[in-house]
Amino acid sequence: NPASTTGPTSTLTLTAAANATVGNATVTVRGTATGQTDKTTTFTLTVTAASAGTYTVAVTPATLSVQQGANGTANIALTRTGGFAGSVALTVEGLPNGVAGTFNPANTTADASVLTLAVGAAVPAGNTTVTVRGTAAGQADKTATFVLAVTAAPPAGGYTLAASPAALTVAQNA
C-alpha cells in the first residue's frame, strides 16, 4: 500500500480466508516501471490453523461438606475464551467408595453444570480431594479439584447433645 509509489517502500497486506490451506507457500512480488526491467522478490507465507479458542473449569465451593447418608451439590463453571463454543463432557474422579456423582448436564455447550454427590451412610468420615475433568473435541482435558469433606451422621434413632458455649462464667448472686 500504495500499489504504485514514487517512494522507496510499499506495504503488502495479506489476509487468509477461513478456508485457506494451512501450510507454507512461496509468494512472488513483481515491480514494474516504465523503461526499467521488472524486478521480483520472494518470501515464504505460512498459514496456520485458526485458534479454536479454549475453556477452563472451576468448582465451588472449594470444600464441600456432606453428611454420611446425604447428598451435596457443587457448582461447575466453564469459562470459554477465543470463540470456543464446543460441547464439554464432564466426569468426576477420585470419589471414595460409596459416593456417586452425577452432573446436570453431563455434556454441555453452556457455561455451567451442577455436580450432585450422593454419600452412602457407610462412607467413612474424612476429607478426599476430588477432580472434575472436562473433555472437548480438539482440546486438551481441563481439570479442577475440590475437597469432599464427609461428616459423621448423628446416631440412628438417638439424639445428640452439645453445650454452647463450651464454658460459661456466672458471678455469685447475679
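Residues numbered from 1 in each chain as written. Predicted model: local features only at pLDDT ≥ 70, side-chain atom pairs only at ≥ 80, totals over all residues. Heavy atoms only, no water.

The number of helices and strands found in the chain is zero helices and 11 strands. Reading the helices (α) and strands (β) of the chain from amino to carboxyl end gives β-β-β-β-β-β-β-β-β-β-β. Taken against the 2.2 N^0.38 rule, which gives 16 Å for 174 residues, the C-alpha radius of gyration of the chain at 32 Å runs more than 25% over that of a compact globule. If one aligns the C-alpha atoms of the chain with their principal axes, the spans along those axes are about 115 × 45 × 20 Å. Scored against the burial criterion, the 174 residues of the chain give a buried share of 22%. Residue pairs in contact within the chain that sit at least 24 positions apart in sequence constitute 54% of those at least 6 positions apart. Split by element, the accessible area of the chain, about 11,700 Å² in all, is 53% carbon and sulfur. (Helix = DSSP H or I, 4+ residues; strand = E, 2+ residues; numbered from the N terminus. Rg over C-alpha atoms; globule rule 2.2 N^0.38 Å. Buried < 20%, exposed > 50% of the residue type's maximum accessible area, 1.4 Å probe, protein only. Contact = heavy atoms within 4.5 Å. Areas by Shrake-Rupley, 256 points an atom, 1.4 Å probe, with all protein chains shown as cover.)

Moving on, we get to the sheet that holds strand E4 (residues 63–67). In space, the five strands of this open sheet follow the order E4-E11-E10-E6-E8, with mixed pairing throughout. Every other strand in the sheet has two partners, leaving E4 and strand E8 (107–108) as the edge strands with one partner each. When strand E6 (residues 88–93) meets strand E10 (residues 126–135), the two strands line up antiparallel, connected through five bridges. Residue pairing across strands places alanine 89 opposite threonine 135, the latter belonging to E10. (Pairing = 2+ DSSP bridges.)

Spatially, the four strands line up as an open sheet ordered E3-E5-E9-E7, and their pairing is antiparallel. The strands lining the two open edges of the sheet, one partner per strand, are strand E3 (54–60) and strand E7 (99–104). The average angle at which neighbouring strand axes cross in this sheet is 25°, direction not considered. (Axes fitted to C-alpha atoms, helices over the stretch in contact; angles between N-to-C directions.)

A cis amide bond, omega 0°, links threonine 60 with the succeeding residue proline 61. For the bond running from asparagine 104 to proline 105, omega is -5°, close enough to zero to count as cis. Inspection of the secondary structure puts proline 105 in the loop between E7 and E8.

Let us now look at the pattern of salt bridges. Tallied over the full model, the rule gives three salt bridges. Here glutamate 93 and arginine 133 are joined by a salt bridge, their closest N and O atoms 2.6 Å apart. One end of the pair, glutamate 93, is in strand E6; the other, arginine 133, is in strand E10, with 40 residues separating them in the sequence. Aspartate 141 is the salt-bridge partner of arginine 133, the closest N and O atoms lying 3.6 Å from each other. (Salt bridge = Lys/Arg side-chain N within 4 Å of Asp/Glu carboxyl O.)

Residue position: glutamine 139 is located in the loop between E10 and strand E11 (142–151). In this structure the side chain of glutamine 139 is engaged in a polar contact, spanning 3.4 Å, whose partner is the side chain of lysine 142. Discounting residues that sit within four places of it in the chain, glutamine 139 has contacts with Ala52, Gly53, Thr54, Tyr55 and Phe84. (Polar contact = N/O pair within 3.5 Å; in protein donor to acceptor, adjacent residues only side chain to side chain.)

Time to look at a nonpolar patch on the surface. Together, Leu12, Leu14, Val29 and Phe43 make up an exposed nonpolar region whose accessible area comes to about 330 Å². Looking at where phenylalanine 43 falls in the secondary structure, it is placed in strand E2 (residues 39–47). Owing to a relative accessible area of 32%, phenylalanine 43 belongs among the partly exposed residues under this scheme. (Patch = residues over 30% accessible without salt bridge, like charges linked within 9 Å, V, L, I, M, F, W, Y side chains within 5 Å.)

This brings us to the packing of aromatic side chains. This model, assessed by the stated rule, comprises one aromatic pair. The ring of tyrosine 55 carries lysine 142 above its face, with NZ or CZ at 4.7 Å from the centroid. (Phe/Tyr/Trp six-rings, centres within 6.5 Å; stacked < 30°, edge-to-face > 60°. Lys NZ or Arg CZ within 6 Å of the ring centre and 35° of its normal.)

Examined against the element boundaries, asparagine 97 turns out to sit in the loop between E6 and E7. Accessibility expressed as a relative area gives 74% for asparagine 97, which makes it exposed. In sequence terms asparagine 97 and glycine 23 are 74 residues apart; their C-alpha atoms lie 50 Å from each other.

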